[in-house]
Amino acid sequence: MQADELPRFFESLGQEENTTIRDYVLMSLLTGARRTNVLEMQWQQISFERQEWRIPMTKNGTAQVIPLGPEAVDILRDRQGCCDTWVFPSSGKTGHLVEPKKAWARILKRANIESLRIHDLRRSLGSWQAKTGASLSVIGKSLNHKSVNTTQIYARLDIDPVRDSMNKATSAMFEAGGMKKESAQIIQLKQARG
């Protein structure tokens, strides 16, 4: 997502009445996690104490620890109690949200944004990390990219630089989108909750 699209995107997201969808989309952007991992996010994987999300297995066959910024933690705290197992529950047979195509199309239509896929939220985080000065190894670790050339760097990299980079990138996205840095501003995106 480009800087000029972010204000329309956040405004449209704030108008989304389905809080599960709205929170799912925002969590996808804030964590840069793969679509399936966010859809299947479970409470047992979340540590509020460490402010981390531990995914036991990702698409590339490895576990991943995602640092949770203050906005992500706020969303998760607000969602507590919605379901015992899933962060984004659904009444379908899996018990969790599966494919939010219609809601995603609705959000994009309101924002007047074309050709943006949910996967592009992941790419947006990485792009904004690069724009705010993160190294390629930090970006790769935060997105759990697997590469033979950089595996050694990832193994030695502490999670704090990843957390700092992700927080810096999300703050820049919110600022470009006309949002204030404070976590309280994100509440605007959840006003329909009541």
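See the structure above.
Everything numeric here is computed off the predicted structure, so don't read it as measured data. Just so you know, the residues in each chain are numbered from 1, in the order the chain's sequence is written. The predicted nature of this model means local features are confined to residues of pLDDT at least 70 and side-chain atom pairs, given and counted, to a pLDDT of 80 or more, with totals for whole chains, interfaces and linings taken over all residues. Side-chain numbers here rest on the full set of heavy atoms in the structure, without hydrogens or water.

1. Considering the sheet that holds strand 1 (residues 46–47)
The condition that has to hold: Strand pairing is assigned whenever DSSP detects at least two bridges linking the two strands. Secondary structure elements are taken from DSSP: a helix is a run of H or I of four residues or more, a strand is a run of E of two residues or more, and numbering for both begins at the N terminus. Whether two residues touch is decided by their heavy atoms; if any such pair falls within 4.5 Å, the residues are in contact. Fitting a line to C-alpha atoms yields each axis, with helices limited to the stretch in contact; the angle taken between N-to-C directions then spans 0 to 180 degrees.
Read from one edge of the open sheet, three strands run 1-2-3, paired in antiparallel fashion. Edge positions in the sheet fall to strand 1 and strand 3 (64–67), since each has one partner strand and no second. Inspection of the sheet shows strand 1 paired to strand 2 (residues 52–55) by two bridges, in the antiparallel sense. Within the sheet, the bridge partner assigned to Ile46 lies in strand 2 and is Trp53. Along the sheet, helix 9 (residues 159–176) makes contact with strand 2 and strand 3, crossing strand 3 at roughly 50 degrees.

2. Considering the nonpolar core
Definition in use: We call a set of buried Ala, Val, Leu, Ile, Met, Phe, Trp, Tyr and Cys residues a nonpolar core when their side-chain atoms join them within 4.5 Å. The cut-offs for exposure are 20% and 50% of the maximum accessible area for each residue type, with area from a 1.4 Å probe on protein chains only; residues under the lower value are buried, those over the upper are exposed, and the others partly exposed.
Among the nonpolar cores identified, the biggest contains 53 residues, and Phe9, Val25, Trp53 and Leu76 are the most heavily contacted of them. Excluding residues within four positions of it along the chain, Trp53 makes contact with Thr31, Ala33, Asn37, Val38, Met41, Gln45, Ile46, Gln64, Val65, Ile66 and Leu68.

3. A look at unusual backbone geometry
Backbone geometry places Gln51, a non-glycine residue, at a positive phi of 55 degrees. Relative to the helices and strands, Gln51 resides in the loop between strand 1 and strand 2. For Gln51, a relative accessible area of 32% gives the class partly exposed. Even without a glycine there, the phi angle at Asn112 is positive, about 60 degrees.

4. A few points about the environment of Gly178
With respect to the element layout, Gly178 can be found in the loop between helix 9 and helix 10 (183–186). Taking the C-alpha atoms as reference points, Gly178 and Asp4, 174 residues apart in sequence, are found 10.0 Å from one another.

5. What to know about the side chain of Thr20
Note the following rule: Under this definition, polar contacts are N or O atom pairs within 3.5 Å; protein pairs additionally need one hydrogen-donor-capable and one acceptor-capable atom, and for neighbouring residues in sequence, both atoms have to be side-chain atoms.
Examined against the element boundaries, Thr20 turns out to sit in helix 2 (residues 19–31). Within the structure, Thr20 has its side chain in polar contact with the side chain of Arg79 (distance 3.2 Å).

6. Notes on the environment of Met179
Within the secondary structure, Met179 is located in the loop between helix 9 and helix 10. By relative accessible area, which is 9% here, Met179 ends up buried.

7. Quick notes on the packing of helix 1 (residues 6–15) against helix 2
Counted only if it meets this: Should the near helix be turned anticlockwise from the far one by less than a right angle, the crossing is left-handed, and should it be turned clockwise, the crossing is right-handed. Only Asp, Glu, Lys and Arg are considered charged, only Ala, Val, Leu, Ile, Met, Phe, Trp, Tyr, Cys and Pro nonpolar, and every remaining residue, Gly among them, polar.
The contact between helix 1 and helix 2 brings their axes to 9 Å, and the two run at 150 degrees. When the axes of helix 1 and helix 2 are compared, the crossing they make is left-handed. Here Phe9, Phe10, Leu13 and Gly14 of helix 1 lie close against helix 2, whose contacting residues are Arg22, Val25, Leu26 and Leu29. A class-by-class count of the residues in the contact of helix 1 with helix 2 yields six nonpolar, one polar and one charged.

8. A few points about the state of the cysteines
Stated precisely, the cut-off is as follows: Working definition: a disulfide is two cysteine sulfur atoms within 2.5 Å of each other.
Tallying each qualifying case throughout the model produces zero disulfides. Cys83 provides the cysteine sulfur closest to Cys82, a residue in no disulfide bond, and the two sulfurs are 5.9 Å apart.

9. Comments concerning the packing of aromatic side chains
Note the threshold: The criterion for an aromatic pair is that two Phe, Tyr or Trp rings (for Trp, the six-membered ring) have centres within 6.5 Å, with stacked assigned to planes under 30 degrees apart, edge-to-face to planes over 60 apart and tilted to the rest.
Within this structure, the stated rule accounts for four aromatic pairs. When the ring of Phe9 is compared with that of Trp104, the centres are 6.2 Å apart and the planes differ by 65 degrees; the resulting orientation is edge-to-face. Of the two residues, Phe9 sits in helix 1 while Trp104 sits in helix 5 (residues 101–111), which places them 95 residues apart along the sequence. For Trp104, a relative accessible area of 7% corresponds to the buried category. Aromatic side chains Tyr24 and Phe88 sit 5.9 Å apart centroid to centroid with 80 degrees between the ring planes, which places their arrangement in the edge-to-face category. Of this pair, Tyr24 sits in helix 2 while Phe88 sits in the loop between helix 4 (70–79) and helix 5, and the two are 64 residues apart along the sequence. Residue Tyr24 is classed as buried on the basis of its relative accessible area of 0%.

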